[in-house]
Structures are given as C-alpha cells and as structure tokens.
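Below, each chain spelled out in residue letters.
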Amino acid sequence: MIAEAPIHGRLDAEGRLVEADPRLAALQRSAGGEEGGPIAVPQIAALARLARRLGITISRSAVAAQDEHDLDLWVRAEPVDGGIDLNITRWSERPVRGPAPSSESERQSDFLRASANWTWESDASLRFTSLSPAAAVAAGKAPGQLIGTLLTSLFRLEWSDEGGLPILTALAEQSRFDGQLAELASGRGGTYSLSGIPLIDGHGRFAGFRGSAAEICHSVSPIEIAREQGPAIDPSAFGERLDKALRAPLAHIIANAETIGTQPEGPLRKDYAGYANDIASAGRHLLALVDDLVDLQAIERPDFKPEAEELDLADVARRAAGLMAVRAGAKQVRIDSPGADDVLPATGEFKRALQIVMNLLTNAIRYSPEGGMVWVRTDREGDLAALIVADQGKGVSAEDQQRIFEKFERVDPTEAGGTGLGLYIARRLARAMGGDIEVDSAPGKGARFTFTLPVGTLQGSKRNK
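Note that the structure is a prediction, hence the values are computed from the model and not measured. (Residues numbered from 1 in each chain as written. Predicted model: local features only at pLDDT ≥ 70, side-chain atom pairs only at ≥ 80, totals over all residues. Heavy atoms only, no water.)

Engineer: How should I be thinking about the pattern of salt bridges in this particular structure?
Structural biologist: Opposite charge on two side chains lets them pair, provided their charged atoms get close. Counted according to the given criterion, the structure contains 14 salt bridges. Taking the shortest distance from any N to any O, the salt bridge between D400 and R403 comes out at 3.0 Å. Ionic pairing is found between D436 and R431, a salt bridge with its closest N-O pair at 2.9 Å. Residues participating in the shared-partner salt-bridge network are R427, R431, D436 and E438. (Salt bridge = Lys/Arg side-chain N within 4 Å of Asp/Glu carboxyl O.)

Engineer: Teacher, can you tell me more about the sheet that holds strand β17 (residues 384–390) here?
Structural biologist: Reading across the sheet, the five strands line up as β14-β16-β17-β19-β18 and stay open at both edges, with mixed pairing between neighbours. The sheet is open, and its two borders are formed by β14 (334–336) and β18 (436–441), each paired with just one other strand. In this sheet, neighbouring strand axes are inclined to one another by 20° on average, regardless of whether the strands run parallel or antiparallel. Relative to the sheet, helix α13 (residues 350–367) contacts β14, β16 (373–381), β17, β18 and β19 (447–454), its axis offset from that of β19 by approximately 175°. Along the sheet, helix α14 (residues 422–432) contacts β18 and β19; its crossing angle with β18, the most-contacted strand, is approximately 130°. (Pairing = 2+ DSSP bridges. Helix = DSSP H or I, 4+ residues; strand = E, 2+ residues; numbered from the N terminus. Axes fitted to C-alpha atoms, helices over the stretch in contact; angles between N-to-C directions. Contact = heavy atoms within 4.5 Å.)

Engineer: Got a minute to help me understand the side chain of N359 in this structure?
Structural biologist: With respect to the helices and strands, N359 occurs in helix α13. Leave out the neighbours within four places in its chain, and N359 touches G422, L423 and A426.

Engineer: Explain the sheet that holds strand β7 (residues 118–122) here, please?
Structural biologist: One key point about sheets: their strands pair by backbone hydrogen bonds, in either a parallel or an antiparallel sense. Here six strands make up an open sheet; going across it, the order is β8-β7-β12-β11-β10-β9 and the pairing antiparallel. Every interior strand has two partners, whereas the edge strands, β8 (128–131) and β9 (155–157), have only one. Within the sheet, the average angular offset between the axes of one strand and its neighbour, ignoring direction, is 35°. Note that β9 and strand β10 (residues 177–184) share three bridges and pair antiparallel. Its bridge partner lying in β10, L157 is registered against A182. Relative to β10, helix α7 (residues 166–173) is tilted by about 130°, and along the sheet it contacts β9, β10 and β12 (206–216).

Engineer: Please clarify how the pairing of strand β13 (residues 309–312) should be interpreted in this entry.
Structural biologist: As a general feature of sheets, a regular strand has side chains that alternate between the two faces. Of the two faces of β13, both are covered, the one formed by E309 and L311 as well as the one formed by E310 and D312. Both β13 and strand β15 (residues 345–348) contribute to a ladder of four bridges, which runs antiparallel. Residue pairing in the sheet places E309 in a bridge with G348 of β15. (Buried < 20%, exposed > 50% of the residue type's maximum accessible area, 1.4 Å probe, protein only.)

Engineer: Teacher, can you tell me more about the packing of helix α11 (residues 313–323) against α13 here?
Structural biologist: Angle between the axes and distance between the axes are the two parameters that describe a pair of packed helices. Axis separation between α11 and α13 bottoms out at 9 Å; the angle between their running directions is 55°. Considering their axes alone, α11 and α13 lie oblique with respect to each other. Taken as a pair, α11 and α13 cross one another with a handedness that is right-handed. Side by side, α11 and α13 meet where V316, A317, R319, A320, A321 and L323 of the first sit next to F350, A353, L354, V357, M358 and L361 of the second. Grouping the amino acids of the contact of α11 with α13 by side-chain chemistry returns 11 nonpolar, no polar and one charged. (Parallel < 35°, antiparallel > 145°, perpendicular 65-115°, else oblique. Left-handed = near helix turned anticlockwise from the far one by under 90°. Nonpolar A, V, L, I, M, F, W, Y, C, P; charged D, E, K, R; others polar.)

So, in structure tokens, the structure goes:
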C-alpha cells in the first residue's frame, strides 16, 4: 500500500527522534529504536547526517524494513533550528520475497539500489510484483496499474551488439544480468539500463528477479553530437546538449557515491568507503568542468552581452560568502565579508557578478591554509566599484599573474581541484560588464584579487533585492 499523506518527524541536534507521526514512530520501534532515542532507520539516519553536514535540504529515496515488508520511501531532510525536519512521502510497502538473502546477495542488492533511478521485482514470468514509486512517475501511471503487468509492457527491449537480449539469457539460466538496454514503451521517452539478480524461494527454486533501472542518455552524448553535426556545429547548441547529456548522469553518480560513503546499510570496508568518496569527489570535479564548458560556450559567442542591472556589490559578496560557508568550514577557513551596513552601488548582471565572486572565494578557500582567513572588502576607484578578495595562501609569482587568467591554465597543474577555466571565465564576464579582475600577489604573501564594475546608483528596481 502507499501512504498518500506526508509523514512528519523531527530530529534534534544529536539525531534523536523527538517528534514523529504514528507511522514513523512505529517504523522507529520496528527498527529497534524508541521515541526520543537516536533514529534507528539506517538510510534515514544517513540522509539526516548528510543534510546536517552540508547545511542544505536533501530529498532522496530510501529503503527500510518493517515486519513482513520492505518499505520504499521518499525522504526530505531539512536542517531547521539546529535539528532536522523529516517529511516522508511515497511510502510504499512490498513483501519480502523468499528466505533471508546471503551476504553476497545483499551486497549485490545494495549495488543495484545504489546505481538505480528506481527498482523493481518480478515473478518467474517477468510480471511485476513490486516497483518503487519513481517507476510509476516515469511511466505516467498509478503504481497499482503496473503490478501484475509484464516487464515488456513497460519497456521495449533492445538487442545487444552481439545480437542477444541479456534479460532473456538470464531468465533461461536463472542468473544475474546487467546492461539490458530498454526504452519506455509509454511514449514518454527515456532509455534505461536494466540489471537484475535472481530471487530464490524457500524451496530453492527460481522465483523471479530483483532489479534496477538506471536512466542513460545515449541519444545526446557529446561524441555523437559532434559526429552527427560535424565541424559546423553551433557552439551554443553544443553547450546546451553537453549540459543535458552529462549533468543528470554526473549528479546521479555523485549522489549515489555520497550515499555509499555514508554507509547507510552498515559499516563498509575502509577502502570501499574511500573509493565512494573518491568517486563523489571526481564526479563533482567533472560537474564543475561541465558548468565551465557551458559558460565558456556562452561567453565566447560574438553576441554575448550580460544585462546591465543596478546592484549592491557588497550584498553580492555577503551572499557569496554565505553560499561558500560550508566549503570554508570544512577547511576551517573563516570568511570575513562586508558588514550588513556596507553598500557598494554597481552596474552589472547580478547572476554573473555572484558567479565571479564565488569563483574568487572558491580559489581563496582552496589555497588558504587550514585555520586561515579570507577577507572581502569594498572600495571605490574613480568611476569603478571595487571588491577585493584577499587570502593567506602561497601567493602567485609575477610571471604567473597573467597566465592564471588564460584558458585551461593553472599555476600548479598537479594540485587537486580546479578546471583551469574559472579565472578565464570570471575575467571575460567582468570585462563584458565594463569592469575587470586584477591580481596583486607575491610568493608566500597570499593573493589579492580586485573585481571591478562600473559604479551604479542603486535607484529603481533591483533584481538582487
């Protein structure tokens, strides 16, 4: 069954369940916990810890066990007043199939769930016996309409390069399968990679599959785009399709790697948890590269022109410092931003100005020593409003001070982080808005970046307010 009304709960700063609707309270007791005690459902606890650590709201699917059922949940964890507010929707119960799985089977199931947009189970004739709520959303049907239907009524299976159908081979051999390409048959679009492991009943007989469906984007891969359109491809179209092709898969990889790293199903070997963190870190780096490449395509177009808006550059700095607080805190770096009464009228596009300041702060935090300080100050230089970002890092030599603003250039390519595009894009944006970015630094003395825009009046409508 599916609970339609949201189910609410609240964790205090120590992760204790201090408020819970009856259904969540019952789940807490079933998991061996008690009201007022630490949340006992592993995946909900992991999401709460992640939301608290990052200081942001996180919504994600979760799986829990209760009595004779497994539960598919959609959990929203929001940091509020030192605690975490929980909002659970799409509460779907499904029976546990067969005997308790072996540790190897459990491990395979964990990897299936971690790689999936949604999960499913079928009987031996490939009729669905359960699906996670996201499956119904993807198919555009009510969940009950899919139970009992054939898998092939939801998917059009695609032949492999070897001319076979992996799922049918697995059905014949009663074995695991991976990489079965399938397209939603509902006409809503979407190509998925299906994987599954066999289910064995209490008599040792094959009872069906427990599987996953992970969305893929073969039709819009950057290589295929370039191959199809050739050298005359429109740069803006390429950037848009590059973004579409890579953003969702990378975000999915990052989210799953972070989930594995938080060990929601219990302790992992230390090296496995480390691998998950490395995957998440690499995914974030690639996602940043996608962002930079899309911006690069935009700013290098001949017709690119930022909007001219009245904005407060001191307010932009305060907002950027707030957005970077989590990253700075993780490195124990303090950002000293302009005071609440500080006002610096300027003219430029608010979104682009914020992007520039966040880039400067990202670099300042990255190169600051642990426990260091980053200063953000305002100034006025004639008809220019100036924002200065200074750090206590290792500094930039005179011969490198122009090179760091060039495309794909970094002072030390061996250092982790950075794409070599951030400062190039930032300066191009600043100059497109009638300003500039300059650096004043010396080795071992930190760096001082000055971002300027034309002085404004702050009169009239302002989008940043």
